[in-house]
Amino acid sequence: MKAKAWLILKAVKLWLAVALLWLIAAILFVAHVAIGIIKLIFIITLFPLTWVVYVLDRNIYNRIKIQLEELLS
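Residues numbered from 1 in each chain as written. Predicted model: local features only at pLDDT ≥ 70, side-chain atom pairs only at ≥ 80, totals over all residues. Heavy atoms only, no water.

A. Spotlight on the overall build of the protein. Along the backbone of the protein there are 1 helix and 0 strands. Scaling as 2.2 N^0.38, a compact globule of 73 residues should have a C-alpha radius of gyration of about 11 Å, whereas the protein reaches 31 Å, well beyond that. With respect to the three principal axes, the spread of C-alpha positions in the protein is 105 × 15 × 5 Å. Out of the 73 residues in the protein, the part that is buried amounts to 0%. Element-wise, carbon and sulfur atoms account for 80% of the exposed surface of the protein, whose accessible area totals about 7,300 Å². (Helix = DSSP H or I, 4+ residues; strand = E, 2+ residues; numbered from the N terminus. Rg over C-alpha atoms; globule rule 2.2 N^0.38 Å. Buried < 20%, exposed > 50% of the residue type's maximum accessible area, 1.4 Å probe, protein only. Areas by Shrake-Rupley, 256 points an atom, 1.4 Å probe, with all protein chains shown as cover.)

This is the structure in structure tokens:
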């Protein structure tokens, strides 16, 4: 009887260890997906802003270039 109880206890411990590993894996997966969603939100929101800054920089650069050409000519 004592050996059977010890075997059941060992099986329960193994089951709990496996359940804990699955729980950790699930938490890591959810964190991975959440980080991916956050990255996607940042890309969607920041890419248009960088495009606007790029266009403004090009306009400013062209204006300065035109003014310099007028001054030099």
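Still more to cover.
B. Structural context of a nonpolar patch on the surface. Taken together, Val-52, Leu-56, Ile-60, Ile-64, Leu-68, Leu-71 and Leu-72 make up a surface patch of nonpolar side chains, about 730 Å² in accessible area. With respect to the secondary-structure elements, Leu-71 resides in helix H1 (residues 2–72). A residue is classified by how much of its surface remains accessible, and Leu-71, at 69% relative accessible area, is exposed. (Patch = residues over 30% accessible without salt bridge, like charges linked within 9 Å, V, L, I, M, F, W, Y side chains within 5 Å. Salt bridge = Lys/Arg side-chain N within 4 Å of Asp/Glu carboxyl O.)

C. Region of the structure containing the environment of Arg-58. Mapped onto the elements of the fold, Arg-58 is located in helix H1. With relative accessibility at 42%, the residue Arg-58 sits in the partly exposed group. Remark: the alpha-carbon pair of Arg-58 and Trp-6, spanning 52 residues in sequence, is separated by 76 Å.

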